[in-house]
Amino acid sequence: LEEATAISEETHRRFFHQFITVGSTVLFDKWVVAPRTAEEAAEHTAEYEEAGLPGCIGSSDGAHIVAEKVQARLKNAHLGAKESHTARAYNLTCNHRRWILNTTRGCPSSFNDQNMQVTDSLLVALYRGDVLSDVEFVLLDYDSDMRVVEVRYSGPYTITDNGYLPWPVTVPPEKWPYTYWMAVWSKWVESLRKDVECCFGIMKGRFRILKTGIRLHGVDVVDKIWATCCALHNMLLDADGLDERWEE
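Residues numbered from 1 in each chain as written. Predicted model: local features only at pLDDT ≥ 70, side-chain atom pairs only at ≥ 80, totals over all residues. Heavy atoms only, no water.

1. As for the side chain of His-233
So, step 1. Mapping His-233 onto the fold places it in helix 9 (residues 220–240).
So, step 2. At 2.9 Å, the side chain of His-233 forms a polar contact with the side chain of Arg-206. (Helix = DSSP H or I, 4+ residues; strand = E, 2+ residues; numbered from the N terminus. Polar contact = N/O pair within 3.5 Å; in protein donor to acceptor, adjacent residues only side chain to side chain.)

Written out as structure tokens, the structure is:
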């Protein structure tokens, strides 16, 4: 950067810290906003409803970002079961267009999906009914006479894997399907849940620092970088027109 811009290395270093401070606050608060009304939620549930999952607002999963210079007193907490290096964990929810609806601000990588789930403000608010309780959708079910009837529900949900707590708002595929149609439904849910996995891949492709690991000191700066990258990801989707609802 110093050679390409004729700006000193120290100036770039100072600017980077100022940039991620603004990115993790001003930009994040503007671009990573969860829906609060039924009208806003309809922008995110449209594709899932067409795919046969009415009421689904997005998919959720956890991501681990390598943090090479964690404080010594926090090292053991940031050594997860999946990695041999220190990392920070984040729970993220995105829609079918990979638009990020919400993310946690950072947990030790020793946290599993259930630990991160209870720290996720969006999932907890949906579970308690504090937000989007005015969202209604209809599912088909059988009555006592085995006739197909419509059942109306309120409050959206997200699709997850089987590592989450069994909340009504976190719907995983069936781990042990005992009917053919249950296996088909689980396979369909698994395919749609890849949205959040694709979102992680896109972000790591766009921002190399998330892929190769963060070498700055401390965990606070890692959280700032993650929040900034989430905001920039949504900004790029908006600039490229990829945040618009899919047309038939």
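2. Brief notes about the environment of Asn-162
So, step 1. By the element assignment, Asn-162 lies in the loop between strand 7 (157–159) and strand 8 (170–171).
So, step 2. Placed 48 residues apart in sequence, Asn-162 and Gln-114 show a C-alpha to C-alpha distance of 9.9 Å.

3. A word on a nonpolar patch on the surface
So, step 1. A cluster of nonpolar side chains, Leu-140, Tyr-142, Met-146 and Val-148, forms an exposed patch at the surface whose accessible area comes to about 490 Å².
So, step 2. Its location among the elements puts Met-146 in the loop between strand 5 (136–142) and strand 6 (148–154). (Patch = residues over 30% accessible without salt bridge, like charges linked within 9 Å, V, L, I, M, F, W, Y side chains within 5 Å. Areas by Shrake-Rupley, 256 points an atom, 1.4 Å probe, with all protein chains shown as cover. Salt bridge = Lys/Arg side-chain N within 4 Å of Asp/Glu carboxyl O.)

4. Some details on unusual backbone geometry
So, step 1. In the Ramachandran plot, Arg-98 falls in the positive-phi region, its phi being about 65° despite a non-glycine side chain.
So, step 2. Within the secondary structure layout, Arg-98 lies in the loop between strand 2 (87–94) and strand 3 (100–103).
So, step 3. On the basis of relative accessibility, which here comes to 18%, the residue Arg-98 falls in the buried class.
So, step 4. Its identity is not glycine, yet Leu-132 carries a phi of approximately 60°, on the positive side.
So, step 5. Counting through the fold element by element, Leu-132 comes out in the loop between helix 5 (121–128) and strand 5. (Buried < 20%, exposed > 50% of the residue type's maximum accessible area, 1.4 Å probe, protein only.)

5. Re the environment of Val-151
So, step 1. Relative to the elements of secondary structure, Val-151 occurs in strand 6.
So, step 2. Each residue touching Val-151, except ones within four places of it in the same chain, is listed here: Phe-137, Val-138, Leu-139 and Asp-141. (Contact = heavy atoms within 4.5 Å.)

6. Observations concerning the pattern of salt bridges
So, step 1. Inspection of the entire model under this criterion finds twelve salt bridges.
So, step 2. Put simply, Asp-61 and Arg-193 hold a salt bridge, and the shortest N to O gap is 3.4 Å. Of this pair, Asp-61 sits in strand 1 (residues 56–69) while Arg-193 sits in the loop between helix 6 (180–192) and helix 7 (194–206); the two residues are 132 residues apart in sequence, bridging distant segments of the chain. Neither Asp-61 nor Arg-193 differs from the other in exposure class; each is buried.
So, step 3. We note a salt bridge from Arg-206 to Asp-240, for which the minimum N-O separation is 4.0 Å. Taken together, the residues Arg-206 in helix 7 and Asp-240 in helix 9 connect sequence positions 34 residues apart.

7. Some words on the packing of aromatic side chains
So, step 1. Here the structure, examined in full by the defined rule, presents seven aromatic pairs.
So, step 2. Consider the rings of Phe-15 and Phe-19, whose centres lie 5.9 Å apart with planes at 25°: the pair is stacked. Taken as a pair, Phe-15 and Phe-19 lie in helix 2 (residues 9–31) at a separation of four residues, close to a single helical turn.
So, step 3. Under the relative-accessibility criterion, Phe-19 is labelled partly exposed at 31%.
So, step 4. Taken together, a centroid distance of 5.7 Å and an interplanar angle of 20° make the contact between Phe-137 and Tyr-153 stacked. On the criterion of sequence distance, the pair formed by Phe-137 in strand 5 and Tyr-153 in strand 6 is long-range, its members being 16 residues apart.
So, step 5. For Tyr-153, a relative accessible area of 36% gives the class partly exposed.
So, step 6. Through a chain of ring-to-ring contacts, three or more aromatic side chains come together here, namely Phe-137, Tyr-153 and Tyr-157.
So, step 7. The ring of Phe-28 has Arg-105 lying over it, and the distance from NZ or CZ to the ring centre is 4.1 Å. (Phe/Tyr/Trp six-rings, centres within 6.5 Å; stacked < 30°, edge-to-face > 60°. Lys NZ or Arg CZ within 6 Å of the ring centre and 35° of its normal.)

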